[in-house]
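Coordinates in review
Chain by chain, the residues run as shown.
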Amino acid sequence: MYKNLLNQIGIYGIGTFLTSAISFFLVPVYISYFTPAEFGVFAMATIAPVFLMPLISLNLNGAVIRLYLEWVEEGIEKKAIFTLWIFSLIWSLIFVLLILSLGSLIFPKILKTVAFDPFIKVAIIADGISVTALLSFKLLRIKEKAKLYSIFSFL
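Here the structure is a predicted model, which is why all the values come from computation and not from measurement.

Side note on unusual backbone geometry
Unusually for a residue other than glycine, leucine 58 sits at a positive phi of about 55°. Along the chain, leucine 58 turns up in the loop between helix 3 (47–57) and helix 4 (60–74). Unlike most non-glycine residues, asparagine 59 shows phi in positive territory, near 50°. Position of asparagine 59 relative to the elements: it lies in the loop between helix 3 and helix 4.

Written out as structure tokens, the structure is:
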């Protein structure tokens, strides 16, 4: 048991370290291509999805962690996960489309220095797409698939 635990900790640790190391080593590349103003636009554009992500995802990936073992005991884990995944896809699509349609009215009043189209719009779309990845990452962790989790996180 302890050997498996140490193995999982090592894999998660190495995966997290490699992801952080790549980000660190890419900083000089970013600095050579982006101006300070572009970094500011990027930072401001990524603020909106941070506040919208709880509404886009409804934290359904947290429900997987909480309920997975109960689903296994009842023999409905595949059905429950599929239902959760479909609902997550439909909800995030509806919510993202709603935000995109109303965003040009709302965001210029909140974030005056960054254009909604294309910067904030692209960030919201990217977070909407990442909702299904959140669910997949939680499943990989629950099933103790540390190598796959680390590989997907790295990519």
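That covers the picture; the talk isn't over yet.
Things to note about the side chain of serine 150
Here serine 150 shows up in helix 7 (residues 146–154). Judged by relative accessible area, which is 11%, serine 150 ranks as buried. Within polar-contact distance, the side chain of serine 150 engages the backbone oxygen of isoleucine 11 at 3.3 Å.

Topic: the nonpolar core
Ranked by size, the top nonpolar core spans 16 residues in total, and within it Leu52, Ile56, Ile99, Phe107, Phe116, Ile120 and Ile124 carry the most contacts. Of all the secondary-structure elements, those providing two or more residues to this core are helix 3, helix 5 (77–110) and helix 6 (116–142). Among the elements that make up this core, the one with the highest residue count is helix 5 (five residues). Those residues in contact with isoleucine 124 that sit more than four places away from it in its chain are Pro49, Leu52, Val96, Ile99, Leu100, Phe107 and Phe116. Counting nine residues, the second-largest nonpolar core is a separate cluster that includes Leu60, Val64, Tyr68 and Ala80.

Points about the packing of helix 4 against helix 6
It is at 8 Å that the axes of helix 4 and helix 6 come closest, and there the two elements cross at 25°. Regarding the angle of helix 4 to helix 6, the classification is roughly parallel. Considering the relative orientation of helix 4 and helix 6, their crossing is right-handed. Residues Leu60, Asn61, Val64, Ile65 and Tyr68 of helix 4 pack against Leu134, Leu135, Lys138, Leu139 and Ile142 of helix 6. Its residues placed into classes, the contact of helix 4 with helix 6 shows eight nonpolar, one polar and one charged.

What to know about the packing of aromatic side chains
Scanning all chains against the criterion turns up seven aromatic pairs. Centre to centre, the rings of phenylalanine 82 and tryptophan 85 are 6.4 Å apart; their planes meet at 40°, and the pair counts as tilted. With phenylalanine 82 and tryptophan 85 both in helix 5 and three residues apart, the pair spans about one turn of that helix. In this structure tryptophan 85 comes out as partly exposed when scored by relative accessible area, which is 34%. Among the aromatic residues, those joined into a ring-pair cluster are Tyr12, Phe137 and Tyr149. Above the plane of the ring of tyrosine 12 lies arginine 141, whose end atom (NZ or CZ) is 5.1 Å from the centre.

Things to note about helix 3
Along helix 3, the residues that are buried comprise Ala48, Pro49, Leu52, Met53, Ile56 and Ser57. With its buried residues spanning 135° around the axis, helix 3 presents them on a single face. Those residues of helix 3 that are exposed and aimed more than 90 degrees away from the buried face are Val50, Phe51 and Pro54. If you follow the buried residues of helix 3, they end up packed against helix 2 (36–45), helix 4, helix 5 and helix 6. The positive-phi residue at the C-terminal boundary of helix 3 is leucine 58, with phi of around 55°.

Basis of the calculations
- Residues numbered from 1 in each chain as written.
- Predicted model: local features only at pLDDT ≥ 70, side-chain atom pairs only at ≥ 80, totals over all residues.
- Heavy atoms only, no water.
- Helix = DSSP H or I, 4+ residues; strand = E, 2+ residues; numbered from the N terminus.
- Buried < 20%, exposed > 50% of the residue type's maximum accessible area, 1.4 Å probe, protein only.
- Polar contact = N/O pair within 3.5 Å; in protein donor to acceptor, adjacent residues only side chain to side chain.
- Core = buried A, V, L, I, M, F, W, Y, C linked by side-chain atoms within 4.5 Å.
- Contact = heavy atoms within 4.5 Å.
- Axes fitted to C-alpha atoms, helices over the stretch in contact; angles between N-to-C directions.
- Parallel < 35°, antiparallel > 145°, perpendicular 65-115°, else oblique.
- Left-handed = near helix turned anticlockwise from the far one by under 90°.
- Nonpolar A, V, L, I, M, F, W, Y, C, P; charged D, E, K, R; others polar.
- Phe/Tyr/Trp six-rings, centres within 6.5 Å; stacked < 30°, edge-to-face > 60°.
- Lys NZ or Arg CZ within 6 Å of the ring centre and 35° of its normal.
- Arc of directions from axis to C-beta.

Just distances and angles here, no functional claims.
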